[in-house]
Amino acid sequence: MMEFHPVTKHIGAEVTGVDLRKPLSPEEVATLRQGWLTHLVLFFRDQHIDDDQHLQFALNFGSLNHPAFKKDAGSPIHVLDQTSPKGEGGDEWHSDNTFEPTPPMGSLLRCVQLPSVGGDTCWANTYLAYESLSPSLQRLCDELTAEHDITMSMKKAISKGHPFDLKEIQAKWPPLVRPVVRVHAETGRKALFVNRASTTRLIGLTDRENEALLPLLIDHIRSPEYQVRLRWRPGTLAFWDNRPTQHYAVADYTERRRMHRVTINAFPEHQDHV
């Protein structure tokens, strides 16, 4: 029988009683989806699956998203193969690709190879980040919008030696204005929707107001009570909802870490407007 075992009070659960090597029944998919919406990130241990099984599991929950900067554009699997990740961008709190017109709904990340120590990943509950603001600040945030721009993350990648053409990328993904508070399409709950990787400024505020308020909102999700931290093992798969979470890849290793990821878009009936 499938069971969900919460890892913290507010975010994260380990799932037992399911074998990801096998096709899922509609009832199993519905149960997992509800558990995912409740816990925001699900952890599956000892699931030694191949890339095709990984993909087929992901496609139960959304359509395939092709990451903006994946090197192998013909493969649905995004391989993250790193030995010196510090400063690559994953080691700051972020939601994936909020600069895109339709950011991905979620990701399924599978551990293939680990360093001898380190390489954990953390997730934060941005529902709780919003709900723990004072009512006055909630009301202000409800009315605000913010600019999301790819430029910051691209400059960081280029400084690390990645051969991107910044002007070409900026032309393809110009800045977008999005609400500071996102309403989840499936749960109706409000989540704080600014992040350090992509959010550049709050619209309609002065520079001084931005200097005070935007860092406060971005740093607010760093409170430990909003977070869960996963210690990976080969065969572990994490499935998170990109809409009410942010994540952080801990860059504390210098040995090879290889992860396989499938990213998904929402089905039309589950899409929101940001």
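Just so we're clear, the structure is a prediction, and the values are computed from it rather than from any experiment. (Residues numbered from 1 in each chain as written. Predicted model: local features only at pLDDT ≥ 70, side-chain atom pairs only at ≥ 80, totals over all residues. Heavy atoms only, no water.)

Asks: Would you mind showing me how to read the packing of helix α4 (residues 135-143) against helix α7 (residues 207-220) here?
Replies: Each pair of packed helices gets described by two things: the angle between the helix axes and the distance between those axes. Two numbers describe how α4 lies on α7: the axes approach to 13 Å, and their chain directions differ by 105°. Between α4 and α7, the angle falls in the class roughly perpendicular. Counted together, Leu-137, Leu-140 and Cys-141 of α4 and Leu-213, Leu-216 and Leu-217 of α7 form the full contact between these two elements. Tallied by class, the residues present in the contact of α4 with α7 amount to 6 nonpolar, no polar and no charged. (Axes fitted to C-alpha atoms, helices over the stretch in contact; angles between N-to-C directions. Helix = DSSP H or I, 4+ residues; strand = E, 2+ residues; numbered from the N terminus. Parallel < 35°, antiparallel > 145°, perpendicular 65-115°, else oblique. Contact = heavy atoms within 4.5 Å. Nonpolar A, V, L, I, M, F, W, Y, C, P; charged D, E, K, R; others polar.)

Asks: I would appreciate a short explanation of unusual backbone geometry in the present structure.
Replies: Of note in the backbone geometry, Leu-40 takes a positive phi value of approximately 75° without being a glycine. Mapped onto the secondary structure, Leu-40 falls in the loop between α1 (26-39) and β3 (41-44). One non-glycine residue, Asp-46, adopts positive backbone phi at about 55°. With respect to the helices and strands, the residue Asp-46 is situated in the loop between β3 and α2 (51-58).

Asks: Is there a simple way to think about the side chain of Arg-261 in this case?
Replies: For Arg-261, the location among the structural elements is in strand β16 (residues 257-265). At 4.2 Å, Asp-96 is the nearest oppositely charged side chain to Arg-261, a buried residue that forms no salt bridge. Among all residues touching Arg-261, those that are not within four sequence positions of it are His-54, Pro-76, Ile-77, His-78, Leu-80, Asp-96, Ser-107, Leu-108, Leu-109 and Trp-240. (Buried < 20%, exposed > 50% of the residue type's maximum accessible area, 1.4 Å probe, protein only. Lys, Arg positive; Asp, Glu negative; His and termini not counted. Salt bridge = Lys/Arg side-chain N within 4 Å of Asp/Glu carboxyl O.)

Asks: Honestly, the pattern of salt bridges in this entry has me stumped. Any pointers?
Replies: Summed over the entire model, instances satisfying the criterion amount to 15 salt bridges. Between Arg-45 and Glu-14 there is a salt bridge, and its shortest N-O distance comes to 3.5 Å. One end of the pair, Arg-45, is in the loop between β3 and α2; the other, Glu-14, is in strand β2 (residues 13-16), and 31 residues separate them in sequence. Judged by its relative accessible area of 27%, Glu-14 is partly exposed. The residue Arg-189 makes a salt bridge to Glu-131 at a minimum N-O spacing of 2.9 Å. Separated by 58 residues along the polypeptide, Arg-189 in the loop between β10 (181-183) and β11 (190-192) and Glu-131 in helix α3 (residues 126-131) bring together distant segments of the chain. For Arg-189, a relative accessible area of 34% gives the class partly exposed. One salt-bridge network, held together by shared partners, links Arg-33, Glu-186, Asp-241 and Arg-243.

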